[in-house]
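Now for the letters of each chain:
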Amino acid sequence: MYICICEQVTDREIKAAINEGASSLRDLRNELGIAKECGQCGHCAKAMLKEHADHNRSERPPLPKQAPSCGSTDLFPLFGHAILASD
Amino acid sequence: MKSDLPTVKLLNRVLKNELTATNQFFLHARMYKNWGLNALNDHTYKASIKAMKQADDLIERVLFLEGLPNLQDLGKLLIGENTDEMLRGDVTLVTAMRTQLVEGIGHCESATDYVSRELLEDILEHTEDHMDWLETQLSLIDKVGSKNYLQAMM
Ligand code: FES
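Everything numeric here is computed off the predicted structure, so don't read it as measured data. (Residues numbered from 1 in each chain as written. Chains lettered and ligands numbered in written order. Predicted model: local features only at pLDDT ≥ 70, side-chain atom pairs only at ≥ 80, totals over all residues. Heavy atoms only, no water.)

Overview of the overall build of chain A
Right, on to step 1. Each helix and strand in chain A was counted, giving four helices and two strands.
Right, on to step 2. From first element to last, N terminus to C terminus, chain A shows the α and β order β-β-α-α-α-α.
Right, on to step 3. Sequence-distant contacts in chain A: of pairs separated by 6 or more residues, those separated by 24 or more amount to 51%.
Right, on to step 4. With an accessible surface of roughly 5400 Å², chain A has 50% of that area assigned to carbon and sulfur atoms. (Helix = DSSP H or I, 4+ residues; strand = E, 2+ residues; numbered from the N terminus. Contact = heavy atoms within 4.5 Å. Areas by Shrake-Rupley, 256 points an atom, 1.4 Å probe, with all protein chains shown as cover.)

Side note on the packing of aromatic side chains
All names here are of chain B.
Right, on to step 1. According to the stated counting rule, one finds one aromatic pair over all chains in the structure shown.
Right, on to step 2. Measuring from centroid to centroid gives 5.8 Å for F26 and Y45, while their planes differ by 55°, and the two rings are tilted. One end of the pair, F26, is in helix α1 (residues 5-34); the other, Y45, is in helix α2 (residues 38-64), and 19 residues separate them in sequence.
Right, on to step 3. By relative accessible area, F26 is classed as partly exposed at 33%. (Phe/Tyr/Trp six-rings, centres within 6.5 Å; stacked < 30°, edge-to-face > 60°. Buried < 20%, exposed > 50% of the residue type's maximum accessible area, 1.4 Å probe, protein only.)

Thoughts on helix α1 (residues 11-19) of chain A
Residue and element names in this part refer to chain A.
Right, on to step 1. Residues of α1 that are buried: D11, I14, K15, A17 and I18. The buried residues of α1 occupy one face: seen down the axis, they fall within an arc of 160°. For α1, the exposed residues lying more than 90 degrees away from the buried face are R12 and N19.
Right, on to step 2. Here the buried face of α1 lies against β1 (2-4), β2 (9-10), α2 (25-32) and α3 (42-59).
Right, on to step 3. Downstream of α1 by a residue or two, G21 has a phi angle that is positive, lying close to 120°. (Arc of directions from axis to C-beta.)

Notes on the environment of A51(B)
Residue and element names in this part refer to chain B.
Right, on to step 1. Locating A51 in the fold gives a position in helix α2.
Right, on to step 2. Residues A51 and N23, 28 residues apart in the sequence, show an inter-C-alpha distance of 9.0 Å.
Right, on to step 3. Setting aside chain neighbours within four positions, we find A51 in contact with E18, A21 and T22.

The structure is reproduced here in structure tokens:
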């Protein structure tokens, strides 16, 4: 799905940038040009950064549970939350 | 009539979601149309127009309560890249709308604002109908597969 409407950037592109080391909104802004215009995508981009950080943290423990799927559909609950939070 | 401020704030938040839905459904409808998925275009286009009419009712109600309707605030649009993502984006929005409406109805009830409550109940009814339709589409995709589903929607 499209995360940044203004720059036509999708969740897959953002995920790829995060996997390649982008760790802050500023990194994503510099690399992909997101969150420069209306800024509406900032919430979601941050949620994705946080999910990646949490995921990495939870991967450390000795019992590596089945890796949470990063398929875009799993992100929808995240965004639902973002919608309500921004009210 | 003096404005009950929390109610105006509440109605404005519902308005924000209705305006967001108007735009999100509209864009999705025209994306479907562009792909030749006319059945999906028709249904989603109507949902967009309905959301706009509901926004209109909210605007009139806020004005009647001597508040200023906020048409400036718009939520993040959840635009998918394909039919499945688009339907899911709409489900996410509609689910958030439903939660908010249920809370809002409770508020209007306790504030004894029965006219606003009735308005929100009407919106809730349509929101739930649309949610039902969206969930049916997703379960159809599950059952018959994406290809067959899309063929039936042309
Ligand atoms: S949606 Fe990303 S800047 Fe507007």
